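Per-entry structural report
The lines below spell out each chain.
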Amino acid sequence: PKMAKYQFLTPEWVAAAKAIREEFEGESPAPAHSVRMNQIITEVPFGDTDVKAFMDTSDGALNLDLGELENPDLTVTVDYETAKAIIVDGNPQAGMQAFMAGKIKVEGDMTKMMALQAGAPDPQAVEIANKIKEITA
């Protein structure tokens, strides 16, 4: 059966992506780095506001959701197309290029961001990423 597809970062997409991650809960190795990161995604093609999301691995699991953390290690502001290339297409190159071009703004602890870029993804992360690609319109 073909999976339903959702527009990247809509609440429906976030819920579907979360469900995929939960299928693998307990099977993935713990994240290599502890980081609390807020993301502000600009130029979103739906709604009138930026989308705020966060990633928190400080409790040894990967937590991703809409909203924001208090006292994050870093805050990354990125445009929608770049975020989609990095998150859905799994293209870290796009992230680096956008960063060099000044399209990604980072406030806070840069070393945490560099650490995130450095790790090789585990096979589980790759499988999760592929499933998330399938649900993204």
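Figured I'd write up the structure that's included with this text. Given the structure is predicted, the values throughout are model-derived calculations rather than measurements.

1. Details of the overall build of the protein
Helix and strand counts for the protein come out as five helices and five strands. From first element to last, N terminus to C terminus, the protein shows the α and β order α-β-β-β-β-α-α-β-α-α. Along the first, second and third principal axes, the C-alpha atoms of the protein reach 40 × 35 × 30 Å. The burial tally for the protein puts 33% of its 137 residues in the buried class. Counting only contacts in the protein whose residues sit at least 6 apart along the sequence, the fraction spanning at least 24 positions is 68%. Here the protein displays about 8000 Å² of accessible surface, and carbon together with sulfur accounts for 54% of that area. Positive and negative side-chain charges in the protein, numbering 12 and 22 respectively, have mean positions lying 4 Å apart.

2. Topic: the nonpolar core
Counting 28 residues, the largest nonpolar core has Phe8, Leu9, Trp13, Ile41, Leu74 and Val76 as the members making the most contacts within it. Of all the elements in the fold, those that place two or more residues in this core are α1 (11-23), β1 (36-42), β2 (51-56), β4 (74-79), α2 (80-87) and α5 (123-134). When residues of this core are assigned to their parent elements, the largest contribution, five residues, is made by α1. In contact with Phe8, not counting residues within four places along its chain, are Trp13, Phe46, Tyr80, Ala83, Lys84, Ile87, Val88 and Thr136.

3. Things to note about the environment of Leu66
As for its placement among the helices and strands, Leu66 is situated in strand β3 (residues 63-66). Counting along the chain gives 41 residues from Leu66 to Glu107, while the straight-line C-alpha distance between them is 19 Å. Discounting chain neighbours no more than four positions away, the residues touching Leu66 are Leu9, Pro11, Val14, Val51, Lys52, Ala53 and Phe54.

4. Regarding α5
The end-to-end C-alpha separation of α5 is 17 Å, in line with the 16 Å expected for 12 residues at 1.5 Å each. On the buried face of α5, the contacting elements are α1.

5. Regarding the pairing of β4
In terms of residue burial, β4 counts as a mostly covered element, since six of its six residues are buried. Here β4 shows a buried face lined by Leu74, Val76 and Val78 and a second buried face lined by Thr75, Thr77 and Asp79. Here β1 pairs with β4 via six bridges, running parallel. Across the sheet, residue Gln39 finds its bridge partner in β4, namely Val76. With four bridges connecting them, β4 and strand β5 (residues 105-108) associate as antiparallel partners.

6. Considerations on the sheet that holds β4
Sheets are built from strands paired through backbone hydrogen bonds, the pairs being either parallel or antiparallel. Spatial strand order, β3-β2-β1-β4-β5: five strands in an open sheet with mixed pairing. Bordering the open sheet on either side are β3 and β5, each of which pairs with just one other strand. Going from strand to strand, the sheet's axes swing by 15° on average, the running direction of each strand aside. Note: β2 against β3, four bridges, orientation antiparallel.

7. Looking at a nonpolar patch on the surface
A cluster of nonpolar residues, Met96, Met110 and Met114, forms a patch on the protein surface that exposes about 230 Å² of accessible area. Inspection of the secondary structure assignment puts Met96 in helix α3 (residues 92-100). Relative accessible area serves as the criterion here: at 31%, Met96 is assigned to the partly exposed category.

How each quantity is defined
Residues numbered from 1 in each chain as written. Predicted model: local features only at pLDDT ≥ 70, side-chain atom pairs only at ≥ 80, totals over all residues. Heavy atoms only, no water. Helix = DSSP H or I, 4+ residues; strand = E, 2+ residues; numbered from the N terminus. Buried < 20%, exposed > 50% of the residue type's maximum accessible area, 1.4 Å probe, protein only. Contact = heavy atoms within 4.5 Å. Areas by Shrake-Rupley, 256 points an atom, 1.4 Å probe, with all protein chains shown as cover. Lys, Arg positive; Asp, Glu negative; His and termini not counted. Charge placed at Lys NZ, Arg CZ, Asp CG, Glu CD. Core = buried A, V, L, I, M, F, W, Y, C linked by side-chain atoms within 4.5 Å. Expected span 1.5 Å × (residues − 1). Pairing = 2+ DSSP bridges. Axes fitted to C-alpha atoms, helices over the stretch in contact; angles between N-to-C directions. Patch = residues over 30% accessible without salt bridge, like charges linked within 9 Å, V, L, I, M, F, W, Y side chains within 5 Å. Salt bridge = Lys/Arg side-chain N within 4 Å of Asp/Glu carboxyl O.

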